[in-house]
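Here is how the chains run, residue by residue.
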2 protein chains.
Amino acid sequence: MTIASPSASRVERARRLLDELELDGLLVSRNAAKRHLSGFVIARGDEATSGFSGSLLLTRDRQLLLSDPRYLEQAASEAPDWQVRRTRGPIRTELPPILAELGIRRCGAEAEVLSHAAWTSLAAASAVELVPIDAVLTELRLRKDPAELRALEAAAALTDACFAHLVGWLSPGTSERAVAWEIERWFREHGAEDLAFEPIVLVGARAAMPHGRPGDAPVVPGEPLLIDFGCQVDGYRTDVTRTVFIGEPSGRQRELYATVLAAQQAAFEAVAPGVVGTAVDGAARAVIDAAGFGEAFTHGIGHGIGLETHEAPMLLSYDRPLEAGMVFTLEPGIYLSGEIGIRIEDDVVVEEGGPRRLTGAPHDLLVI
Amino acid sequence: MTIASPSASRVERARRLLDELELDGLLVSRNAAKRHLSGFVIARGDEATSGFSGSLLLTRDRQLLLSDPRYLEQAASEAPDWQVRRTRGPIRTELPPILAELGIRRCGAEAEVLSHAAWTSLAAASAVELVPIDAVLTELRLRKDPAELRALEAAAALTDACFAHLVGWLSPGTSERAVAWEIERWFREHGAEDLAFEPIVLVGARAAMPHGRPGDAPVVPGEPLLIDFGCQVDGYRTDVTRTVFIGEPSGRQRELYATVLAAQQAAFEAVAPGVVGTAVDGAARAVIDAAGFGEAFTHGIGHGIGLETHEAPMLLSYDRPLEAGMVFTLEPGIYLSGEIGIRIEDDVVVEEGGPRRLTGAPHDLLVI
């Protein structure tokens, strides 16, 4: 273990929870938390089924990474600070003897991540008391450290470059699906580990669905095109939306765009350490309300982003003060069913002196 | 609702569980089961966080699809047989009033899918008795119906075509990572919805890691190249492995390849309706044991495949009779640490008359 390991101070913070919550051990099951604390990466597509493999077990003097035979070599190389322990079966047979060996009697575990079957079978198979620790574990990833910010900045720069490429590449007649694939192809061929999520690419009135899926609809002159996309670099993600126009927008379209842009700027200017999250949502909502479209802004202003695309803080309901190091999206939108959807979304970091946009793609109404 | 809807008979079979288990309702939370019964598709990347949205609630006379505002339009179009009910909050606040409205007092739910927090909060917020139904719901997807087999055949044909493309495309010096990306790019540009999983592409001794991740290692003459890959068409997946040689293999390499191939053929010939799953595993293992490499075949012979890459039956432990319509992989391997890894994997369907390979890519030792 070296002092320089980015995970050492994270593990130290996690260990403090043992005293604070009077626990003998922490069982970490969420993939993002596994990577945050150890460096171990669960492959894309394994997420749904690999609840157990790669789980971390942290005590005051030990740190074990539990791995089935498939991941042993990878775990040893990716998580050098952790002792890799080979497991074979499911959590209910594998974990109780290890908990006993380490003298763990009260163990923190993620009730929002472990299945009900895993939790109850584990509780039944050992004398260990399981204590839900979802909220406190989430706290550990709430403020990004310098290594995390570097990865977020790299992902943001790649996302800006992808948008610049798209602006030159887009032309009328291209389908939503083709644009989505061009985003994925470009990201993967320019160094992204993966997408942060499937791109949302919607033409005209289809953009009134905030989570619509790209289809065969072609980009057409006179209609806006909403592009919501993001990538992943060293595990860290972006989530950016731009709404561009193919051919000259109408006066009403310009007005709606200007309203969303003003709301986004108002939210940005409201961000500062000590400001409660809900106030940032309120700042954007006030602008859209004043323009008469309050009902058409149907979701919250933004969500935390990092190793997960959606993580804490959710600003709409975050009634605590923002802190330096928090990173989240600011993404007001106006959705008018049958007519149009416009959203503008940046990723923003809270710094001591105020907010800073990680996203650098231009905001001005863009006519292609 | 039309008679022709592929989901109608599936829903009918699910409804029979209500009587068999004396339940008033079934809550379906697993993404694959949601799609199987309703047609509703959760976007890639949403899987980890969308435990609630798209959940199905089935009673004797009602079938509801619960959707938050993001998915309303998509749900209505993808799942026309289901009544879409708008929800906003988490399961513990949204579901209890709906359960009460429908008169549900005993409700089946998936204990291996719902988080412990979701299950316990739901149990606490309503008077409904929750009954685990994981095993019986899995049974509903065990035998594939004609529509499912058509999708599996289409995915298998695309996978064969991708392999044929790779054979012509591969050349010494190409990195594992570049091969993996070529697979993904080719699949996506030729009609696949998605990959079934991240391709495993490993050169020489690196292939001794059954789940290694592709890296910068180049394809080199004299070394085998293991390629484990699959795609998804209309939700249905493939999982195929070929081990090819770049330049002439040694006599020992040829011998190992012939052993794995003979084991794969032995497993295939063992498949028939009425044969227990473990016997198929045993047939392959006997061949590898006899060649003296039993210790080097470190995993089971295969797993079911369909809407999930890994689903029932797991042949290594499936001690029940195989049935017509089951689809699974047959994938024996020999892994010698520091030396080599060889695996040959096909997707196979059980038919009344015996087994049929869905995978058509050639088995002969291939020298590129």
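Since we're looking at a predicted model, the values are computed, not measured.

Asks: Any chance you could explain the interface of chain B and chain A here in plain terms?
Replies: By a frequent convention, interface size equals the accessible area lost on bringing the separate parts together. Taken together, the contact pairs 32 residues of chain B with 32 residues of chain A. Seen at the junction of chain B and chain A, the total is 4 salt bridges. Between Glu184 of chain A and Arg188 of chain B there is a salt bridge, and its shortest N-O distance comes to 2.8 Å. Our enumeration of links across chain B and chain A arrives at 17 residue pairs in polar contact (both at pLDDT 80 or more). Breaking the side of chain B that touches chain A down by element, the ones donating at least two residues are helix 3 (72-78), helix 5 (116-125) and helix 8 (176-189) of chain B. The element contributing the most residues to the side of chain B that touches chain A is helix 8 of chain B, with 5 residues.

Asks: I keep staring at the domain arrangement of chain A and nothing clicks. Help me out?
Replies: All names here are of chain A. By domain assignment, chain A separates into domain 1 (8-140) and domain 2 (146-357). Computed from C-alpha atoms alone, the centre-to-centre distance between domain 1 and domain 2 is 34 Å. Listed per partner, the contact involves 8 residues of domain 1 and 13 residues of domain 2. Between domain 1 and domain 2, the buried area comes to about 800 Å², and carbon and sulfur atoms account for 40% of it.

Asks: Whenever I open this one, unusual backbone geometry confuses me. Can you help?
Replies: Glycine aside, residues mostly have negative phi, and peptide bonds are mostly found in the trans state. Cis geometry is adopted by the peptide bond preceding Pro313 of chain A, which originates at Ala312 of chain A and carries an omega value of 0 degrees. Note that Pro313 of chain A resides in strand 14 (residues 311-314). In this model, Asp234 of chain A sits at a positive phi of 50 degrees, which is unusual for a non-glycine residue. Locating Asp234 of chain A in the fold gives a position in the loop between strand 10 (231-233) and strand 11 (236-237). According to the relative accessible area criterion, Asp234 of chain A is exposed, its value standing at 52%. Unusually for a residue other than glycine, Glu22 of chain B sits at a positive phi of about 55 degrees. Along the polypeptide, Glu22 of chain B turns up in the loop between helix 1 (6-20) and strand 1 (25-28).

Asks: Would you explain the packing of helix 4 (residues 91-101) of chain A against helix 5 (residues 116-125) of chain A in this entry?
Replies: When two helices pack together, you describe them by how their axes are tilted relative to each other and by the distance separating the axes. Residues and elements named next belong to chain A. Contact geometry for helix 4 and helix 5: axes closest at 9 Å, N-to-C directions at 45 degrees. The angle between the axes of helix 4 and helix 5 places the two elements in the oblique class. The chirality of how helix 4 crosses helix 5 is right-handed. Contacts between helix 4 and helix 5 involve Ile91, Arg92, Leu95, Pro96 and Leu99 on the former and, on the latter, Ala118, Ser121, Leu122 and Ala125. Tallied by class, the residues present in the contact of helix 4 with helix 5 amount to 7 nonpolar, 1 polar and 1 charged.

Asks: What is the right way to look at the relation of the copies chain B and chain A in this model?
Replies: For these two chain copies, the linking operation is a rotation about an axis paired with a shift along it. Rotating chain B by 180 degrees about the axis while translating it 0.0 Å along that axis superimposes it on chain A, leaving an RMSD of 0.0 Å. The transformation relating the two chain copies, once decomposed into turn and shift, fits a two-fold axis. Interface residue correspondence from chain B to chain A reaches 100%, placing this contact among same-surface, isologous pairings.

Asks: I would appreciate a short explanation of the sheet that holds strand 8 (residues 200-203) of chain A in the present structure.
Replies: Consider a sheet: its strands pair through backbone hydrogen bonds, and that pairing is either parallel or antiparallel. All names here are of chain A. Within the open sheet, the 3 strands sit side by side as 8-9-12. Their pairing is antiparallel. The open sheet has two free edges, formed respectively by strand 8 and strand 12 (240-245), since each of these has just one partner strand. Across the sheet, the mean angle separating the axes of adjacent strands is 10 degrees when strand polarity is ignored. Taken together, the 6 bridges between strand 9 (residues 224-229) and strand 12 define a ladder with antiparallel strand orientation. Along strand 12, the bridge assignment pairs Leu226 with Thr243. Sitting on the sheet, helix 7 (residues 146-169) is in contact with strand 9 and strand 12, with an inclination near 155 degrees to strand 9.

Asks: Mind showing me how you'd approach the packing of helix 7 of chain A against helix 8 (residues 176-189) of chain A here?
Replies: All names here are of chain A. One can describe the packing of helix 7 onto helix 8 by two numbers: an axis separation of 10 Å at closest approach and a directional angle of 135 degrees. If you check the angle between helix 7 and helix 8, you find them oblique. Here helix 7 runs over helix 8; the crossing is right-handed. Counting all contacts with helix 7, which are made through Leu158, Thr159, Ala161, Cys162, His165, Leu166 and Trp169, the residues of helix 8 involved are Ala178, Val179, Glu182, Ile183, Arg185, Trp186 and Phe187. In terms of residue class, the contact of helix 7 with helix 8 is built from 10 nonpolar, 2 polar and 2 charged.

Conventions we followed
Residues numbered from 1 in each chain as written. Chains lettered and ligands numbered in written order. Predicted model: local features only at pLDDT ≥ 70, side-chain atom pairs only at ≥ 80, totals over all residues. Heavy atoms only, no water. Contact = heavy atoms within 4.5 Å. Salt bridge = Lys/Arg side-chain N within 4 Å of Asp/Glu carboxyl O. Polar contact = N/O pair within 3.5 Å; in protein donor to acceptor, adjacent residues only side chain to side chain. Helix = DSSP H or I, 4+ residues; strand = E, 2+ residues; numbered from the N terminus. Domains from an automatic or database assignment. Buried area = accessible area lost by both parts, 1.4 Å probe. Buried < 20%, exposed > 50% of the residue type's maximum accessible area, 1.4 Å probe, protein only. Axes fitted to C-alpha atoms, helices over the stretch in contact; angles between N-to-C directions. Parallel < 35°, antiparallel > 145°, perpendicular 65-115°, else oblique. Left-handed = near helix turned anticlockwise from the far one by under 90°. Nonpolar A, V, L, I, M, F, W, Y, C, P; charged D, E, K, R; others polar. Least-squares fit on C-alpha atoms with pLDDT ≥ 70 in both. Pairing = 2+ DSSP bridges.

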